[in-house]
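Coordinate inspection notes
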Amino acid sequence: MSVLAHKIVWITGASSGIGEAIALEVSRMARPDHPVKLVLSARRTDELERVARQTGLPATDVLVLPVDVTAFDQFPALVERVRQHFGRIDFLYLNAGISQRSTVVDTDLSVYQRLMDVNFFGTIALTKAVLPIMLAQGSGHLVVTSSVAGKLGTKYRSGYCASKHALHGFFDALRAEVHRAGLHITLVCPGYIRTPLSLQALNATGHLHGKMDTNQQEGMAPDVFARRLLKAVARQKEEVYIGGRETVGIYLKRFLPGLLSRIVRNREGP
Ligand SMILES: NC(=O)c1ccc[n+]([C@@H]2O[C@H](COP(=O)([O-])OP(=O)(O)OC[C@H]3O[C@@H](n4cnc5c(N)ncnc54)[C@H](OP(=O)(O)O)[C@@H]3O)[C@@H](O)[C@H]2O)c1
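Residue positions within a chain follow its written sequence, with the count starting from 1. Reporting of local features is limited, given that this is a predicted model, to residues whose pLDDT is at least 70; pairs of side-chain atoms are given and counted only at 80 or more, and all residues count toward the totals for whole chains, interfaces and linings. Working from all heavy atoms in the structure, the side-chain values ignore hydrogens and water.

**Things to note about the site of the ligand**
Neighbouring residues of the ligand: 32 residues in total, closest S16, R43, Y160, T195 and Q216. Any N or O atom pair separated by 3.5 Å or less is treated as a polar contact, with the protein-specific requirement of one donor-capable and one acceptor-capable atom, and with residues adjacent in sequence counted only for side-chain atom pairs. One of the backbone N or O atoms of G13 is found 3.1 Å from an oxygen atom in the ligand. K164 has a polar side-chain atom sitting 2.9 Å from an oxygen atom of the ligand. Against a free-state accessible area of 880 Å², the protein chains account for coverage of 96% of the ligand. Only Asp, Glu, Lys and Arg are considered charged in this grouping, and only Ala, Val, Leu, Ile, Met, Phe, Trp, Tyr, Cys and Pro are considered nonpolar; every other residue, Gly among them, is considered polar. Split by residue class, the shell around the ligand holds 14 nonpolar, 13 polar and five charged. Only a single heavy atom is needed: when it lies within 4 Å of a molecule or strand, its residue is near that molecule or strand. Here the open area of atoms and residues is found with the Shrake-Rupley method and a 1.4 Å probe, where only the protein chains shown may cover a residue.

Have a look at this one:
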């Protein structure tokens, strides 16, 4: 029987890319006698409804819950809605995020604030709102989408790298605090995954970059990524790297940091 049987799985960033692929993969594990219930969140309701239909799950098993992850003050009410609807929250995939394509010297401070609000504060605020429920249940699993850029720094992504690095400090600390309470935390660092992330990335003035990066275009298919992630989550891995050879950068940073510095500074393009 799947570890997801009878579980409530809440996914942020479910309207596109990785979050959408996780929702579809989770729904593939549902059986009539082992149902899975999904909560799908992001800002675009129409896209969430499209994903909800694509899951093929009965309408009663999917809650479309539009959320802007920077509307922190709305989180307690949203969490209460999920609790009232499904009674509990077993898995929370904290996946909503935006990227950046701009140099430090050019970038407005407001762009850094936006990146931190969406990628870091949105993630920890929702975690804090859900945590009391998971602690009361004595179980729960938080799955946080970081990045290879959460383990090393690369050009044109200074604020993105900072926001993803911050997640590691926060969730490593939280993991130690909630271990005895039976809660699990998985940090996933994707490499290049074929999603519209670079199209939605912020430029120096906070406008959309609007270009598809070649690396992104040639990256791992989101469904392959989602399958590997769900396996790692089922094994309760603390940290997992999923992507192509770019994930080797994480090991270079750890064991050969000088070599990685040379590679990163000599790399051209976004
Ligand atoms: N693709 C990659 O190569 C890659 C690599 C490393 C890490 N990641 C991480 O993976 C996660 C998912 O990204 P993706 O690649 O799947 O890109 P994506 O297709 O652009 O998905 C981003 C998701 O985040 C949601 N989102 C953005 N701002 C939001 C906000 N203010 N409130 C609520 N939801 C918001 C978007 O939905 P709405 O626009 O509908 O709100 C969308 O569902 C991100 O955290 C990203 O940093 C991706």
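**Quick notes on the nonpolar core**
Think of a nonpolar core as a cluster: buried Ala, Val, Leu, Ile, Met, Phe, Trp, Tyr and Cys residues, connected wherever their side-chain atoms sit within 4.5 Å. Any residue under 20% of the maximum accessible area for its type is buried, any over 50% is exposed, and the rest in between are partly exposed; the area is computed with a 1.4 Å probe on protein chains only. Counting 39 residues, the largest nonpolar core has W10 and F171 as its most contacted members. Secondary structure elements follow DSSP: runs of H or I no shorter than four residues count as helices, runs of E no shorter than two count as strands, and numbering proceeds from the N terminus. For this core, the elements supplying multiple residues, two or more each, are β1 (8-12), α3 (75-86), β4 (91-94), α4 (109-137), β5 (140-145), α5 (158-178) and β6 (183-190). In terms of residue count, α4 provides more of this core than any other element does, twelve residues in total. Sequence-distant contacts of F171, that is, excluding residues within four places in its chain, are made with L94, T123, I124, T127, L142, V144, I185 and L187. Counting residues in hydrophobic clusters, the runner-up holds 33 residues, among them V9, V36, L229 and I242. By the convention used here, residues are in contact when the closest approach between their heavy atoms is within 4.5 Å.

**Details of the pattern of salt bridges**
Just to be clear on terms, a salt bridge is a Lys or Arg side-chain nitrogen sitting within 4 Å of an Asp or Glu carboxyl oxygen. Inspection of every chain in the model, using the stated rule, returns 13 salt bridges. Salt-bridge contacts for E47 lead to R50; the nearest nitrogen and oxygen are separated by 2.8 Å. A residue pair is termed a helical-turn pair when its members lie 3 or 4 positions apart in one helix, as E47 and R50 do in helix α2 (residues 45-55) at three residues. A residue is classified by how much of its surface remains accessible, and E47, at 23% relative accessible area, is partly exposed.

Shape is all these values report; function is a separate question.
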